[in-house]
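The primary structure of each chain is shown beneath.
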Amino acid sequence: MRILLKVAITAAALWAATELISGITVTGDTVGRRALTLIVVAIVFGVVNAVIKPIVKTLGCAFYVLTLGLFGLIVNALLLLLTSHLAGRLDLPFHVDGFWPAFWGAIVVGLVGWLLHLLFGGDDDD
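All of the points below concern the structure found in this document. Note that this is a predicted model, so its numbers are computed, not measured.

**Here we look at the nonpolar core**
Of all hydrophobic cores here, the largest spans 28 residues; its most connected members are L14, I24, V41, L80, F94, V96 and V109. For this core, the secondary structure elements donating two or more residues are helix 1 (2-20), strand 1 (24-26), helix 2 (31-59), helix 4 (71-89), strand 2 (94-96) and helix 5 (99-121). Sequence-distant contacts of V96, that is, excluding residues within four places in its chain, are made with G23, I24, L80, L81, S84, P101 and A102.

**Remarks on the packing of aromatic side chains**
Per the stated rule, a full pass over the model turns up six aromatic pairs. Members of the aromatic cluster, connected to one another through ring pairs, are F99, W100, F103 and W104.

**Considerations on helix 2**
Taking 1.5 Å per residue as the helical rise, helix 2 with its 29 residues ought to reach 42 Å, and the 40 Å between its terminal C-alpha atoms agrees with that figure. At I52, helix 2 shows its strongest bend, of approximately 35°, with the proline P54 following within four residues. Among the residues of helix 2, those classed as buried are T37, L38, V41, A42, V44, F45, V48 and N49. Elements in contact with the buried residues of helix 2: helix 1, strand 1, helix 4, strand 2 and helix 5.

**What to know about the environment of H95**
Assignment of secondary structure puts H95 in strand 2. Taking the C-alpha atoms as reference, H95 lies 7.7 Å from G23; in sequence the two are 72 residues apart. In this view, H95 contacts G23, I24, T25 and S84; residues no more than four positions away in its chain are not counted. Here the side chain of H95 touches D97 through a polar contact of 2.9 Å, side chain to side chain.

**Quick word on the packing of helix 1 against helix 2**
Between helix 1 and helix 2, the shortest axis-to-axis distance is 8 Å and the interhelical angle comes to 110°. Comparing the axis directions of helix 1 and helix 2 gives the class roughly perpendicular. Contacts between helix 1 and helix 2 involve V7, T10, A11, L14 and W15 from the first element and L38, I39, V41, A42, I43 and F45 from the second. Across the contact of helix 1 with helix 2, the residue classes break down as 10 nonpolar, one polar and no charged.

The rules behind the values
Residues numbered from 1 in each chain as written. Predicted model: local features only at pLDDT ≥ 70, side-chain atom pairs only at ≥ 80, totals over all residues. Heavy atoms only, no water. Core = buried A, V, L, I, M, F, W, Y, C linked by side-chain atoms within 4.5 Å. Buried < 20%, exposed > 50% of the residue type's maximum accessible area, 1.4 Å probe, protein only. Helix = DSSP H or I, 4+ residues; strand = E, 2+ residues; numbered from the N terminus. Contact = heavy atoms within 4.5 Å. Phe/Tyr/Trp six-rings, centres within 6.5 Å; stacked < 30°, edge-to-face > 60°. Expected span 1.5 Å × (residues − 1). Bend = angle between axes of the 7 residues up to and from the residue. Polar contact = N/O pair within 3.5 Å; in protein donor to acceptor, adjacent residues only side chain to side chain. Axes fitted to C-alpha atoms, helices over the stretch in contact; angles between N-to-C directions. Parallel < 35°, antiparallel > 145°, perpendicular 65-115°, else oblique. Nonpolar A, V, L, I, M, F, W, Y, C, P; charged D, E, K, R; others polar.

Take a look at the structure:
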């Protein structure tokens, strides 16, 4: 149940990014198709974050310390770009048009995800 909630929160955060950031788009002929696309992209984004982010954090630990964590914004933007690339390979109509939309989108996804998690996520041990 907790995984479904995390996917729903991430999908909602991705939707917010598509609405607020020009350069991040999700297309589809119906609202249901766009919602399904966002759910699948949220799953892909979650897998990318679960697999790659810990490796990057470990290897780039010095950059995180030197930049007081701001390097994390760049990492999150690159992970969002990777998710866009993978979505394209999976024929999902989700696209990020470059680094800067990914950068701002990562901030939106992070903030909206954090707020929604505070509202609906309950206690979390991780």
